Amino acid sequence: MRYAFYPGCSAKATCPELLQSTYKVADSLGIELPELTSAACCGGDVMQDQNPDLVLALNARTLAIAEEHKLDILTVCNVCTQRLSRANKEMKSDPDVMAKANAVISQVGHTYKGGVNVTHLLWLLVQGEGAEALKKNIRKPLTGLKVAPFYGCQILRPSQFLGFEDPSNPSSLETLIRMLGAEPVDYDGKDKCCGFMTLTVEENNSMKLTGRQLGNAKLAGADLVVTPCPLCHLTLDVYQPEASRARMMDIDLPVLHLPQLVGLAMGFSPSELGLGRNVQSPKKVLAKVR
């Protein structure tokens, strides 16, 4: 298995433990991840609102670079997955959109022909070769651990651009959690917003939203939360004290990146997975796993 790796901004800056654990897991599973080092930011929501044509061109260029290497793209960020998938679908389904994007990126020596697919690490690990490789590499099943899945918004919606699963009834995280030997916890909020997108403009309401999702997971009996999105991780982990105050309860839930949880079941040590960088201490979880 070989993919053009698009880590995105967060894994390279605010969440280096995500990058560390991704490489550790991928290497052990035989997944080669040559990084798209010349690719630019996906644009995120802010740039999409201000200049959608620029966002289209940025992602068309990234897709074109991957196509030049004859590789599909793998991501570890919900926002990057959505932006790249959206641009890809729009260009493949509309020749005029493809022509508009190529008119821009041809000025810097690239042309996209539509030969690339975009997948998230989560999707790779729950089906096909990825799932088979993972099943063979579970060294320490997470038996007895109750894990709350937190999808976040942008790996599910808009479904017409993503299309991996039903956004009203997602199951990929639960499938993965069971593969790792743990028990998925069902709760209201697992497929809703973490609060990140309103954090800088309306922190109080954002923390109420974050506290609602975390509190619901806690009340449902979760030992920890796992998320495939670094922005959700940032909100749920770093801002958990503020969210606890907004919810008026002691939440105290470790929040793990997807490859950190996978890596634990594969037998890697906490230091190999960068767990020392997580703000909410995973010590209780690690003790339970041992």
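Below you will find a few notes about this structure. For clarity, every value in this text was computed on a predicted model and none was experimentally measured.

Turning our attention to the sheet that holds strand 1 (residues 4–6). Pairing in this open sheet of three strands is parallel, and the strands run 1-2-3 from one edge to the other. Edge positions in the sheet fall to strand 1 and strand 3 (118–120), since each has one partner strand and no second. Across the sheet, the mean angle separating the axes of adjacent strands is 30 degrees when strand polarity is ignored. Bridge count for strand 1 against strand 2 (residues 73–75) is three bridges, and the pairing is parallel. Looking at the pairing, F5 lines up with L74 of strand 2. Here helix 5 (residues 78–93) sits on the sheet in contact with strand 1, strand 2 and strand 3, set at roughly 160 degrees to strand 3.

Orientation of helix 5 relative to helix 6 (residues 95–105), taken along the N-to-C sense of each, is 115 degrees, at an axis distance of 5 Å. Residues E90, M91, K92 and S93 of helix 5 form the contact with helix 6, whose own contacting residues are P95, V97, M98 and A101.

Moving on, we come to the packing of helix 12 (residues 230–238) against helix 13 (residues 240–247). For the pair helix 12 and helix 13, the least separation of the axes is 5 Å and the interaxial angle reads 65 degrees. Seen from helix 12, the contacting residues are T235, L236, D237 and V238; seen from helix 13, they are Q240, P241 and E242. Residue composition of the contact of helix 12 with helix 13, grouped by class: three nonpolar, two polar and two charged.

Calculation rules
Residues numbered from 1 in each chain as written. Predicted model: local features only at pLDDT ≥ 70, side-chain atom pairs only at ≥ 80, totals over all residues. Heavy atoms only, no water. Pairing = 2+ DSSP bridges. Helix = DSSP H or I, 4+ residues; strand = E, 2+ residues; numbered from the N terminus. Axes fitted to C-alpha atoms, helices over the stretch in contact; angles between N-to-C directions. Contact = heavy atoms within 4.5 Å. Nonpolar A, V, L, I, M, F, W, Y, C, P; charged D, E, K, R; others polar.

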